[in-house]
Amino acid sequence: MKRKRGDGMKDTNTQWHPGFVGAMDLEFREDRNKLIFEKEHNLNTKPLQIDLLIIKKNPKTGSTGNEIGEIFRKYNILEYKSPDEHLDIDVFYKAQAYACLYKSYGNTVNERESDEITVSIVREGKPEGLFQYFKRRNIPIQNPYPGIYHILGEVMFPTQLIVTGELEANRHVWLRSLSRKMSEKDMRRMLWDVRQFKSKIDTESADSVLEVCLRENR
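A brief report on the enclosed structure follows. (Residues numbered from 1 in each chain as written. Predicted model: local features only at pLDDT ≥ 70, side-chain atom pairs only at ≥ 80, totals over all residues. Heavy atoms only, no water.)

1. Considerations on the packing of aromatic side chains
Between two aromatic rings, the relevant description is the distance of the centres plus the angle of the planes. What counts is decided by this rule: Only Phe, Tyr and Trp rings are paired, with Trp represented by its six-membered ring, and only when their centres lie within 6.5 Å; those with planes under 30 degrees apart are stacked, over 60 edge-to-face, the remainder tilted. Strands are runs of DSSP state E lasting at least 2 residues, helices are runs of H or I lasting at least 4, and numbering of each runs from the N terminus. Each residue's exposure class comes from its accessible area (1.4 Å probe, protein chains only) as a fraction of the maximum for that residue type: buried when under 20%, exposed when over 50%, partly exposed otherwise. To sit over a ring, a charge needs its Lys NZ or Arg CZ within 6 Å of the ring centre and within 35 degrees of the ring normal.
Taken as a whole, this structure holds 9 aromatic pairs when the rule is applied. Residues phenylalanine 28 and phenylalanine 72 carry aromatic rings whose centres are separated by 5.5 Å and whose planes lie at 25° to one another, so their mutual orientation is stacked. Here the residue phenylalanine 28 occupies a position in the loop between α1 (16-27) and β3 (35-42), and phenylalanine 72 occupies one in the loop between β4 (49-56) and β5 (75-81), the gap between them amounting to 44 residues. A ring pair is formed by tyrosine 133 and phenylalanine 134, whose centres lie 6.0 Å apart and whose planes are at 70°; its orientation type is edge-to-face. Accessibility assignment for this pair places tyrosine 133 and phenylalanine 134 in one class, buried. In textbook terms, an aromatic cluster arises when at least three aromatic residues are bridged by ring pairs, as seen for Phe92, Tyr93, Phe131, Tyr133, Phe134 and Tyr149. When the ring centre of tyrosine 102 is taken as origin, the NZ or CZ atom of arginine 112, which lies over that ring, is 3.9 Å away.

2. Structural notes on the sheet that holds strand β8 (residues 148-151)
Heads up, the condition is: Here, a strand pair is defined by DSSP locating no fewer than two bridges between the strands. Simply put, an axis is a line fit to the C-alpha atoms, just over the touching stretch for a helix, and the angle between two N-to-C directions goes from 0 to 180 degrees. Contacts: residue pairs with any heavy atoms within 4.5 Å of one another.
Taken together, the 7 strands give an open sheet; going across it, the order is β3-β4-β5-β6-β9-β8-β7, and neighbouring strands pair in mixed fashion. Strands at the two margins of the open sheet, each flanked by one partner only, are β3 and β7 (141-145). Across the sheet, the mean angle separating the axes of adjacent strands is 25° when strand polarity is ignored. Together, β3, β4, β5 and β6 (117-123) form the strand contacts of α1, whose direction differs from that of β4 by roughly 10°. Each of β7, β8 and β9 (159-163) is contacted by helix α3 (residues 128-136), which is oriented at about 140° to β9, the strand it contacts most.

3. Section: the side chain of aspartate 25
This is how it is decided: Residues adjacent in sequence count toward polar contacts only when both atoms are side-chain atoms; beyond that, a polar contact is any pair of N or O atoms within 3.5 Å, and within protein one must be able to donate a hydrogen and the other to accept it.
Its place among the elements puts aspartate 25 in helix α1. Polar side-chain contacts of aspartate 25 include one of 2.7 Å to the side chain of serine 205. Once residues within four sequence positions are removed from consideration, aspartate 25 is found in contact with Arg32, Phe37, Ile201 and Ser205.

4. Quick look at the pairing of β9
β9 sits mainly inside the fold: 5 of its 5 residues count as buried. By the alternation rule, side chains of β9 split into Thr159, Leu161 and Val163 and Gln160 and Ile162, which are all buried. Sheet topology note: the β6/β9 ladder contains 5 bridges and is parallel. Opposite valine 119, over in β9, you have threonine 159 as the bridge partner. Both β8 and β9 contribute to a ladder of 4 bridges, which runs antiparallel. Opposite isoleucine 148, over in β9, you have isoleucine 162 as the bridge partner.

5. Here's the deal with the nonpolar core
Filter applied, for reference: Take the buried Ala, Val, Leu, Ile, Met, Phe, Trp, Tyr and Cys residues and link them wherever side-chain atoms come within 4.5 Å; each set so joined is a nonpolar core.
Counting 32 residues, the largest nonpolar core has Phe20, Met24, Ile68, Trp174, Leu175, Leu178 and Met190 as its most contacted members. Breaking this core down by element, the ones donating at least two residues are α1, β4, β5, α4 (173-176), α5 (184-196) and α6 (200-216). Sort the elements by how many residues they give to this core and α1 lands first, with 6 residues. If you look at the next biggest cluster of nonpolar residues, it comprises 27 residues, including Ile50, Ile55, Tyr75 and Tyr98.

6. Comments concerning helix α2 (residues 89-104)
The cut-off we apply is this: Expected helix span is given by 1.5 Å per residue-to-residue step, counting one fewer step than there are residues.
With 16 residues, α2 should reach 22 Å at 1.5 Å per residue; the first-to-last C-alpha distance of 23 Å fits that figure. Residues Ile89, Val91, Phe92, Ala95, Gln96, Tyr98, Ala99 and Tyr102 constitute the buried set of α2. Two or three places before aspartate 90, at the start of α2, stands the capping residue aspartate 88, its side-chain oxygen 3.1 Å from that residue's backbone nitrogen.

7. Considering the pattern of salt bridges
Pairing is possible between side chains of opposite charge, provided their charged atoms come close. To keep things clear, this is the line we draw: For salt bridges, the criterion is a side-chain nitrogen of Lys or Arg within 4 Å of an Asp or Glu carboxyl oxygen.
This model, assessed by the stated rule, comprises 11 salt bridges. The salt bridge involving glutamate 67 is made with arginine 171; its shortest N-O contact spans 2.5 Å. Taken as a pair, glutamate 67 in the loop between β4 and β5 and arginine 171 in the loop between β9 and α4 lie far apart in primary sequence, 104 residues in all. Of the charged contacts, one joins aspartate 186 and arginine 176 as a salt bridge, the two residues approaching to 3.0 Å between their closest N and O atoms. Separated by 10 residues along the polypeptide, aspartate 186 in helix α5 and arginine 176 in helix α4 bring together distant segments of the chain.

Structure follows, in structure tokens:
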């Protein structure tokens, strides 16, 4: 999304979603052999896309080593909202609708059972308006970890909101890097992690995050 720079630079068109996919890959790098990542999974026609679909190869295995994956089942739909995008109740239901469509588009009847699907919505800032909506309707929310909110009402599938700005810095440096307000401490931590990477897939994912991070935090 274009935005003007106050330092005389030309307008840029930052692609946040590739950085998000790279960050999620690095979040789950220890469980990578157990998961399948499908970015921009088409639901039907081109305009209907899931930002990221993570499929557990063996859904009977326990939760991942990352608390973001604690609710994961077989099919896990992740929607990312950049700092320029709103997250309100209509966007929340749109993510639920994507999950419904994904469930209905199996090759056979009930191939994807509803209890095998989860929804995660990721955004840097806490969507206060959406949380006020939940509060007014007495919709229960659990906050088991910093930045991770499990929505327990008005959902068809296990659903969580991930507020990356509230995640623990030491454990989630990659998702926290998708920000225009990155601290020098977080930047140094991220660059230190990059220097430790040896594999091609790690460095490629890190490059996707760095491209966004450095562009937005000059």
